[in-house]
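Coordinate inspection notes
Chain residues, written in single-letter form:
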Amino acid sequence: MPRTAAIETLGCKVNTFESELIGESLRGAGWRIQDSDRAADLYVINTCTVTREADRQARQVVRRLVRRNPEALVVVTGCYAQMDGEACGRIPGVDLVLGNDRKLDLVRYLPDLERGSLPKIMVGDLNEHVSLPAGILTGFDARTRAFIQIQQGCNQGCMFCIIHRARGPSRSLPATLIRRQVERLVINGYREIVLCGVDLGAWGEDLGTGPGVPRLPALLRELAAQDEDFRIRLSSIDPAHIDEELIELLAQHPRLCPHLHLSLQSGNSLILKRMRRRYTAAHVYERVARLREAIPHLVLSADVMVGFPTETEAQYLDTERMVQDLQIAYPHVFPYSERDGTPAARIPANRQVPVPVRKERARRLREAGKQVCREVLYSRIGAPVRALVEGERGGGDRDGWRARGADYLPLTLEAARLDPGAFVDAVVEDVHRDRLVARVAA
């Protein structure tokens, strides 16, 4: 019987893609991949470290899996492993801590790990080396959507963020490898390709200088030129990278989803400056106005932080107003949390926003986002939609098939039988809870 391995993934879509690569390499070495809720011979925990809470969750997951099978090999990798390998190594039952510089090379370390001839902590300098995808991934557990990493690392040093240290400097994957990866996944039946990276809009900046250097719009144009029936979504983008070329391409090419997830953080220019972001609130308003002029049916989501040190009530209200004005239907809201190792954590306590105020502002902003989302959903009634079927019938009083439009809005499709992974044409007839309800066209 083949030995079994389970991979637990925390954090971002880049981690999701990298976990799939690790799983594929394990399969190639004869391991059978299974869910982590069963006892396995090997557990791989791919961690996140974006907040202290993420670190706590990672430790909790490791301990849970060690309890599940105390005899298993346990490998901790990812961003928490990179930033605090010693803390990961102190967790009882952990056999190996592997930094982001080596995470995709896990398989070749396993024989030495089993012989007990490896150091427990293997975390290197990301300025010297980092694991980048070199092979082609054939599939994901889900059969409708696939994530493809096109870029790694970040050259920015935002006051609240540690990820540029956990992931290293920005590096772009070659366009030829990305194109081959898209082709393989589309051939294997995936109808939505999500391009992801730590600083996605920076793709191509490190590939050379001067005229002719490829940039994200050029890559999108090349990927969208393929003949198969699929769509491309961007996972996240900094407002500083939304230029005219990108806007025109999104507006003109039907294969590119009319949805953007903005790495926004705040709606107040002074707070953005103190965060060391690359844009002002006025720039965001201007870029979104241009986007909506070119793509009237665009749907926006965004990462938004509240309670950053020195943020006043008036400055918070600028953020709430921006969510409403720009119709950000899905704000991913999180209260600022002091993160050891970041400049913001060193700001004096008398300039920190009290934790209860942070939590209350986060609650208020989520409520504002829910109201925007309702308005966006109801505005779609009567509109045609081409939806990607995601799953089988759900429960509740409006049974149907789960699906999602290119604009990211979730749908319940009323039909007797649909095939997950297929595109269907439908007409929106109602809104139920937080989903559109649509009738499949005859």
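Since the model is a prediction, treat every value here as computed from it, not as a measurement.

1. Description of the sheet that holds strand S7 (residues 145-149)
Sheet strands pair via backbone hydrogen bonds, and the direction of the pair is either parallel or antiparallel. Here 3 strands make up an open sheet; going across it, the order is S7-S10-S11 and the pairing parallel. Only two strands of the sheet have a single neighbouring strand rather than two, namely S7 and strand S11 (231-234). Put simply, the sheet's adjacent strands are angled 30° from each other on average, direction ignored. Where S7 lies against strand S10 (residues 192-196), 5 bridges are found, and the strand directions are parallel. By the bridge assignment, Phe 147 is partnered in S10 with Val 194. Most of the contacts of helix H1 (residues 13-28) go to S7, to which it runs at about 95°, and overall it touches S7 and S10. Sitting on the sheet, helix H8 (residues 216-224) touches S10 and S11, and the angle it makes with S11 is about 160°.

2. A short note on unusual backbone geometry
If you check the backbone angles, Gln 265 has positive phi at about 80° while not being a glycine. Inspection of the secondary structure assignment puts Gln 265 in strand S12 (residues 259-265). The exposure class of Gln 265 is buried, given its relative accessible area of 5%. We note that Tyr 408 has phi near 85°; this positive angle belongs to a residue other than glycine.

3. A closer look at the sheet that holds strand S14 (residues 328-335)
Across the sheet, 3 strands lie side by side as S12-S13-S14; this open sheet has parallel pairing. Each of the sheet's edge strands pairs with one partner strand only, and the pair in question is S12 and S14. The mean inter-strand angle of the sheet, taken between neighbouring strand axes irrespective of direction, is 15°. In this sheet, S14 lies alongside strand S13 (residues 299-306) in parallel orientation, the contact comprising 7 bridges. Following the sheet pairing, Leu 300 is matched in S14 by Ile 328. Contacts from helix H12 (residues 313-325) reach S12, S13 and S14, with the element oriented near 155° to S14.

4. Some remarks on the packing of aromatic side chains
A complete count under the given rule lists 3 aromatic pairs for this structure. Centre to centre, the rings of Phe 308 and Tyr 336 are 5.5 Å apart; their planes meet at 75°, and the pair counts as edge-to-face. In this pair, Phe 308 sits in the loop between S13 and H12 while Tyr 336 sits in the loop between S14 and helix H13 (355-378), placing the two residues 28 residues apart along the sequence. The class of Phe 308 is buried, set by a relative accessible area of 1%. Classification of Tyr 336 by relative accessible area gives buried; the value is 3%.

5. A look at the pairing of strand S3 (residues 42-47)
For S3, the tally of buried residues reaches 6 of 6 residues, placing the bulk of the element in the interior. What you see with S3 is no split at all: Leu 42, Val 44 and Asn 46 on one side and Tyr 43, Ile 45 and Thr 47 on the other are buried throughout. Across 6 bridges, the pairing between S3 and strand S4 (residues 73-78) is parallel. Bridge assignment links Thr 47 to a residue of S4, and that residue is Gly 78. The β-α-β motif built from S3, the intervening helix H2 (residues 52-68) and the parallel element S4 has right-handed crossover chirality.

6. Section: helix H11 (residues 281-294)
The end-to-end C-alpha distance of H11, which contains 14 residues, comes to 20 Å, matching closely the 20 Å that a straight helix rising 1.5 Å per residue would cover. Every buried residue of H11 is listed here: Ala 281, Val 284, Arg 287, Val 288 and Leu 291. Buried residues along H11 cover an arc of 125° about the axis, so they all sit on one side. Set apart from the buried face of H11 by more than 90 degrees, the exposed residues are Ala 282 and Glu 293. Where H11 is buried, its residues meet helix H9 (244-252), S12, helix H10 (269-275), S13 and H12.

7. Observations regarding the pattern of salt bridges
Applying the stated criterion to the full structure yields 37 salt bridges. One salt bridge in this structure joins Glu 390 and Arg 404, with 3.4 Å as the shortest N-O distance. With Glu 390 in strand S15 (residues 384-393) and Arg 404 in strand S16 (residues 401-405), this pair connects stretches of sequence that are 14 residues apart. The same class applies to Glu 390 and to Arg 404, which are both buried. Salt bridges here are not isolated pairs; linked through shared partners, they connect Arg 145, Glu 192, Arg 231, Arg 233, Glu 390 and Arg 404.

8. Observations concerning the nonpolar core
With 112 residues, the main nonpolar core has Ile 193, Leu 260 and Leu 413 as its most contacted residues. If sequence neighbours within four positions are ignored, Leu 260 has contacts with Leu 234, Ile 237, Ile 242, Leu 250, Leu 291, Leu 298, Val 299, Leu 300 and Ser 301.

9. Notes on the environment of Val 428
With respect to the helices and strands, the residue Val 428 is situated in strand S18 (residues 423-432). With residues near it in sequence (within four places) discarded, Val 428 still touches Arg 380, Ile 381, Gly 382, Ala 383, Val 385, Leu 411, Leu 436, Val 437 and Ala 438.

10. Some words on H12
With 13 residues, H12 extends 18 Å between its outermost C-alpha atoms, agreeing within 8% with the 18 Å of an ideal straight helix rising 1.5 Å per residue. Listing the buried residues of H12 in full gives Gln 315, Tyr 316, Thr 319, Glu 320, Met 322 and Val 323. Projection of H12 onto a plane perpendicular to its axis shows the buried side chains occupying an angular sector of 155°, all on one side. For H12, the secondary structure elements touched by its buried residues are S12, H10, H11, S13, S14 and H13. At the C-terminal side of H12, Gln 327 shows a positive phi close to 55°.

About the criteria used
- Residues numbered from 1 in each chain as written.
- Predicted model: local features only at pLDDT ≥ 70, side-chain atom pairs only at ≥ 80, totals over all residues.
- Heavy atoms only, no water.
- Pairing = 2+ DSSP bridges.
- Helix = DSSP H or I, 4+ residues; strand = E, 2+ residues; numbered from the N terminus.
- Axes fitted to C-alpha atoms, helices over the stretch in contact; angles between N-to-C directions.
- Contact = heavy atoms within 4.5 Å.
- Buried < 20%, exposed > 50% of the residue type's maximum accessible area, 1.4 Å probe, protein only.
- Phe/Tyr/Trp six-rings, centres within 6.5 Å; stacked < 30°, edge-to-face > 60°.
- Right-handed = clockwise from strand over helix to strand, strands pointing away.
- Expected span 1.5 Å × (residues − 1).
- Arc of directions from axis to C-beta.
- Salt bridge = Lys/Arg side-chain N within 4 Å of Asp/Glu carboxyl O.
- Core = buried A, V, L, I, M, F, W, Y, C linked by side-chain atoms within 4.5 Å.

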